[in-house]
Amino acid sequence: MSIAFGQAGRVRAPDFGDVKWLNTEQPLTLESLRGQVVLLDFWTYCCINCMHIFPDLKHLESKYRGQPFVVIGVHSGKFSQEKDPENIRQAILRHNIEHPVAVDSDYKIWNAYAVRAWPTLVVIDPEGYVVGAVAGEGHRETIDRTIGKLLAEHKRKGTLGEPMKFRMERESFKGGVLEFPGKILADPKNSRLFISDTNHHRVLITDLEGNVTDTIGTGQIGLIDGSFDQARFHQPQGLALSADGKTLWVADTENHALRAVNLEKKTVMRIAGTGKQSYSRNANGPGRTTLLSSPWDLALVGDRLYIAIAGMHQIWLYDLASKKVVDYAGTGHEAGIDGPRAKAAFAQPSGLATDGKRLYVADAEISSIRTIDLASKDGVVTTLAGSAGLFDFGNQDGPGRQARFQHPLGVALHGRTLFVADTFNHLIRAIDLDTGQVSTWLGTGRPEKGTVEAIGLFEPGGISVGGDTLYIADTNNHRVLAVGIPSKKVRVLEISGAPNVE
């Protein structure tokens with residue numbers, strides 16, 4: 001059903017069938033939506049391109065609030081992990097989604113609408129006919145105009161209904177000190193942890209026991225520089241620390257920006273990105289005027305700050321001396337292609353670690369771990385572990401390329417071991433860099449919290465090594481774990497002393 005907006009002819013919209021619904025108390029049908037302008041958003045929660053649609057949906061929901069306009073998310077999951085309604089519910093909470101979501105794990109709605117790509121947006125008029133469909137990003141204006149025209153036309157026809165309201169999952173959600181912490185950075189030299197309290201839109205500084213010593217950011221969404229109690233972020237993720245421990249860099253993901261935190265003066269400053277999303281695969285300009293696209297993690301080597309640009313499937317770098325941003329590795333095409341960095345391809349790189357000679361990359365959408373040779377002129381990219389295939393994932397130990405992961409988001413080095421936050425498998429995996437062997441290191445593979453002896457993780461997103469301790473941002477369990485290496489003795493850090501976020 002590839003229908004351009006404004007195309008002649010009318011096609012009756014297929015109904016949703018018998019599926020589970022989230023963010024609403026009652027199942028929805030096209031009959032119950034009669035009189036509404038309906039926008040279907042086909043998405044899967046791993047997908048960075050789908051995440052880029054959320055601001056458009058929020059804009060439209062705000063603009064047409066109080067009018068007969070309804071957004072419906074149709075979640076047609078890619079990974080097996082994404083087919084569980086409880087996991088989808090967590091994604092709804094994490095992304096602050098305010099509209100009903102149909103759980104389309106068997107692709108029934110997807111197939112009925114002949115969808116072929118994530119994301120795809122479909123507009124249905126108040127009489128139940130498809131008006132048009134588009135795939136990909138960047139269609140806000142077209143859809144906005146279409147909605148406005150439909151509301152005006154059907155007001156004249158007298159075919160509009162009353163605005164609808166729905167009960168959201170967040171109404172029954174009980175938050176804590178942390179909400180979906182994304183990344184973590186250990187600084188054992190100064191006995192500190194830096195925690196991206198992602199859904200509270202701030203960064204916490206704690207001691208190694210979890211006692212908060214400073215809070216960076218107000219906890220309110222925004223892109224504002226200034227003192228710690230004035231600055232604002234939007235779902236920050238990756239962190240990197242200067243060699244002298246005086247500057248913290250933050251990947252301010254939803255702001256498409258890079259922030260520098262002066263830990264002595266307690267101030268925050270934007271150094272790259274403008275707050276607008278980039279659609280260009282080429283970057284070569286001053287940091288503050290160069291657009292970024294969902295920077296997800298950071299790694300520092302000398303005066304080069306490498307950036308996992310998840311939104312463009314590339315690795316970029318910020319040069320601290322020249323204050324310029326340039327694209328470094330990857331063509332921008334979403335794939336797993338090895339070779340010289342200018343010809344290689346990544347797929348939503350989301351985690352970085354380095355020993356100064358190589359950059360290790362958690363390449364999430366191809367469920368693989370990649371390396372970049374920083375010492376070679378061509379910066380050769382190699383797949384260290386995993387299939388490098390977009391739809392070839394799983395949970396399997398073994399030799400590097402035979403091993404299987406499921407959407408890993410984090411990597412951390414400890415000597416000749418590379419730890420991996422195997423996010424959608426709810427595990428910490430370990431790669432022996434001498435043998436290439438992949439093994440399961442921690443976790444039951446189930447999202448329940450479990451016990452210290454049999455710890456359960458729930459989509460861990462970030463890991464960091466400090467001395468002989470691995471720190472884990474156990475994202476969907478809203479907590480931080482400290483695990484002894486090699487004892488695997490687990491402590492749950494009680495994060496205390498942080499102000500509440502309203």
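Up top is the structure these notes are about.
For the structure given in this document, a descriptive report is provided here.

Points about the sheet that holds strand β24 (residues 368-373)
Where strands meet in a sheet, backbone hydrogen bonds hold them as pairs that are either parallel or antiparallel. In spatial order, the strands read β22-β23-β24-β25; together these four strands make up an open sheet with antiparallel pairing. Bordering the open sheet on either side are β22 (349-354) and β25 (381-385), each of which pairs with just one other strand. Ignoring which end each strand starts from, the neighbouring axes of this sheet average 30 degrees apart. Sheet analysis places strand β23 (residues 358-363) next to β24, joined by six bridges and oriented antiparallel. Bridged to V361 within β24 is R370.

Remarks on the environment of W43
Tracing the backbone through its elements, the reader meets W43 in strand β3 (residues 37-43). For W43 and I53, which are 10 residues apart along the polypeptide, the C-alpha to C-alpha distance reads 9.1 Å.

Re the sheet that holds strand β15 (residues 257-262)
Reading across the sheet, the five strands line up as β12-β16-β15-β14-β13 and stay open at both edges, with antiparallel pairing between neighbours. Only two strands of the sheet have a single neighbouring strand rather than two, namely β12 (226-227) and β13 (239-241). Note that β13 and strand β14 (residues 247-252) share three bridges and pair antiparallel. Residue pairing across strands places L239 opposite V250, the latter belonging to β14.

Quick word on unusual backbone geometry
Apart from glycine, the bulk of residues carry a negative phi angle, and the bulk of peptide bonds sit in the trans form. For the bond running from W118 to P119, omega is -10 degrees, close enough to zero to count as cis. Tracing the backbone through its elements, the reader meets P119 in the loop between α3 (108-112) and β6 (120-124). Cis rather than trans, the peptide bond between I485 and P486 has omega equal to 5 degrees. Tracing the chain through its elements places P486 in the loop between β33 (479-484) and β34 (490-493). Positive phi is not limited to glycine here, since Q235 has a value of about 50 degrees. Its location among the elements puts Q235 in the loop between β12 and β13. Of the residues examined, Q235 reaches a relative accessible area of 8% and is grouped as buried.

Here we look at the pairing of strand β29 (residues 427-432)
Counting buried positions over the six residues of β29 gives five, a clear majority of the element. Bridge analysis of strand β28 (residues 417-422) against β29 gives six bridges, and the strand direction is antiparallel. Residue T417 lies in a different strand from β29, and its bridge partner there is D432. In terms of strand pairing, β29 meets strand β30 (residues 437-442) through four bridges, oriented antiparallel. In the sheet register, I431 faces β30, and the bridge partner there is V438.

Points about the nonpolar core
Counting residues in each nonpolar core, the largest one holds 60 residues, and the members touching the most others are F16, L39, L40, F42, I72 and Y113. With seven residues, the top contributor of residues to this core is helix α1 (residues 48-63). Not counting chain neighbours up to four residues away, the residues in contact with F42 comprise V74, S76, I109, W110, Y113, V115, W118, P119, T120 and V122.

Some remarks on the packing of aromatic side chains
Evaluated as defined, the whole model comprises 13 aromatic pairs. R370 extends its terminal NZ or CZ atom over the ring of F346, reaching a point 5.0 Å from the ring centre.

Conventions and cut-offs
Residues numbered from 1 in each chain as written. Predicted model: local features only at pLDDT ≥ 70, side-chain atom pairs only at ≥ 80, totals over all residues. Heavy atoms only, no water. Pairing = 2+ DSSP bridges. Helix = DSSP H or I, 4+ residues; strand = E, 2+ residues; numbered from the N terminus. Axes fitted to C-alpha atoms, helices over the stretch in contact; angles between N-to-C directions. Buried < 20%, exposed > 50% of the residue type's maximum accessible area, 1.4 Å probe, protein only. Core = buried A, V, L, I, M, F, W, Y, C linked by side-chain atoms within 4.5 Å. Contact = heavy atoms within 4.5 Å. Phe/Tyr/Trp six-rings, centres within 6.5 Å; stacked < 30°, edge-to-face > 60°. Lys NZ or Arg CZ within 6 Å of the ring centre and 35° of its normal.

Functional significance is not addressed by these values, which are geometric in nature.
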